[in-house]
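Notes for the structure review
If you want the building blocks of each chain, they are given just below.
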Amino acid sequence: MILSGVSEEIWLDLAQNNSLKYLLFKDNTLIQDDHSSLQFHRFVSSMPRNLLALGLSQTQISTSQLIALIQVLSKSNSSLRHLDVSDNLLGVHASDQTADLVRFAKNLYSLNLRNNGLRDSGGNKIATALTLATQLQYLDLEKNGLRTSARAVVAAIHTDSKLR
């Protein structure tokens, strides 16, 4: 399902739809105002049990929304396998949260963090978190300005043969 212009009713319906497996919010501003941000928090806290893929590319996701998502994904019963938070320009200030996505989302198979401006501080934190990622097999860090930390990320990938 691909959504744009999400209303409160849609958020609530989505949260209760346990047959939903793929959800894409591409180009959809999640933080237009406090009300829509609150709806996102409610959706995440009661995310459909069978959701396998969640696309949040180009949604201007906030740090608090990212934290709410991490809290849900850190629970071992999360079914989510693919997460795309690319092109949100989260910046260096969200590097702890992006590393937490890698560290605590134990059931994720793929994570797209492309073009988020994480820079070297984010890259170093992600490299450390990669040693704890249990299921992660695909990680996209392209266009994040990784320079010196790229070596640490590559080294972490080489020590864990699952990653590509």
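Overview of the structure. Each chain has its residues counted from 1, running along the sequence as written. In view of the model being predicted, local features appear only for residues whose pLDDT reaches at least 70, and side-chain atom pairs are presented and counted only at 80 or more, with totals across whole chains, interfaces and linings using the full set of residues. To get the side-chain values, all heavy atoms of the structure are used, and hydrogens and water are removed first.

Comments concerning helix α5 (residues 119-130)
Between its terminal C-alpha atoms α5 stretches 16 Å, which fits the 16 Å expected from 12 residues at 1.5 Å a residue. Only protein chains enter the accessibility calculation, which uses a 1.4 Å probe. A residue is then buried if its area is under 20% of the maximum for its type, exposed if over 50%, and partly exposed in between. Each helix corresponds to a stretch of at least 4 residues labelled H or I by DSSP, and each strand to a stretch of at least 2 residues labelled E; elements are numbered beginning at the N terminus. For α5, every residue scored as buried is listed here: Gly-122, Gly-123, Ile-126, Ala-127, Ala-129 and Leu-130. For α5, the buried positions fall inside an angular range of 160° around the axis, keeping them on one side. Contacts: residue pairs with any heavy atoms within 4.5 Å of one another. The inward-facing, buried residues of α5 abut α4 (95-104), β5 (138-140) and α6 (149-159). To estimate how far a helix should reach, multiply one less than its number of residues by 1.5 Å. Each C-beta atom gives one direction from the helix axis, and the arc is the one those directions make.

Overview of the packing of aromatic side chains
Aromatic rings from Phe, Tyr and Trp, with only the six-membered ring used for Trp, were paired whenever their centres fell within 6.5 Å, and each pair was classed as stacked if the ring planes differed by under 30 degrees, edge-to-face if by over 60, and tilted otherwise. Applying the stated criterion across every chain, the model contains 0 aromatic pairs. A ring has a charge above it when a Lys NZ or an Arg CZ is no more than 6 Å from the ring centre and no more than 35 degrees off the ring normal. The aromatic ring of Phe-104 is capped on one face by Arg-103, whose charged end is 5.6 Å from the ring centroid.

Topic: α4
Looking only at α4, the buried set comprises Ser-95, Gln-97, Thr-98, Ala-99, Leu-101 and Val-102. Tucked into the core, α4 has its buried residues touching α3 (63-73), β3 (82-84), β4 (110-112) and α5.

Here's the deal with the pattern of salt bridges
A carboxyl oxygen of Asp or Glu within 4 Å of a side-chain nitrogen of Lys or Arg is what we treat as a salt bridge. For the structure on display, the rule yields 3 salt bridges. As a salt-bridge pair, Lys-125 and Asp-96 come within 2.7 Å of each other at their nearest N and O atoms. Of this pair, Lys-125 sits in helix α5 while Asp-96 is found in helix α4, placing the two residues 29 residues apart along the sequence. Across the pair Glu-142 and Arg-114 runs a salt bridge, and its minimum N-O distance is 3.3 Å. Of this pair, Glu-142 sits in the loop between β5 and α6 while Arg-114 is found in the loop between β4 and α5, placing the two residues 28 residues apart along the sequence. Its relative accessible area of 43% is what places Glu-142 among the partly exposed residues.

Considerations on unusual backbone geometry
Phi is positive for Leu-89, close to 45°, though the residue is something other than glycine. Here Leu-89 lies in the loop between β3 and α4. Even without being glycine, Arg-119 reaches a positive phi, approximately 55°. Inspection of the secondary structure assignment puts Arg-119 in helix α5.

Considerations on the side chain of Ser-62
Residue placement: Ser-62 occurs in the loop between β2 (53-55) and α3. Think of a polar contact as two N or O atoms within 3.5 Å of one another; within protein, one of them needs to be a possible hydrogen donor and the other a possible acceptor, and neighboring residues in sequence only count if both atoms come from side chains. Side-chain polar atoms of Ser-62 contact the side chain of Ser-64, separated by 3.2 Å.

Looking at the packing of α5 against α6
For the pair α5 and α6, the least separation of the axes is 8 Å and the interaxial angle reads 15°. Between α5 and α6, the interaxial angle falls into the category roughly parallel. The handedness of the crossing between α5 and α6 comes out as left-handed. Counting all contacts with α5, which are made through Arg-119, Asp-120, Gly-123, Asn-124, Ala-127 and Leu-130, the residues of α6 involved are Ser-149, Ala-150, Ala-152, Val-153, Ala-156 and Ile-157. Axis definition: a line fitted to C-alpha atoms, over the contacting stretch in the case of helices. Angles run 0 to 180 degrees between N-to-C directions. These descriptions rest on fixed angle ranges, namely under 35 degrees for roughly parallel, over 145 for roughly antiparallel, 65 to 115 for roughly perpendicular, and the rest for oblique. Crossing handedness follows the turn of the near helix against the far one: under a right angle anticlockwise gives a left-handed crossing, and clockwise gives a right-handed one.

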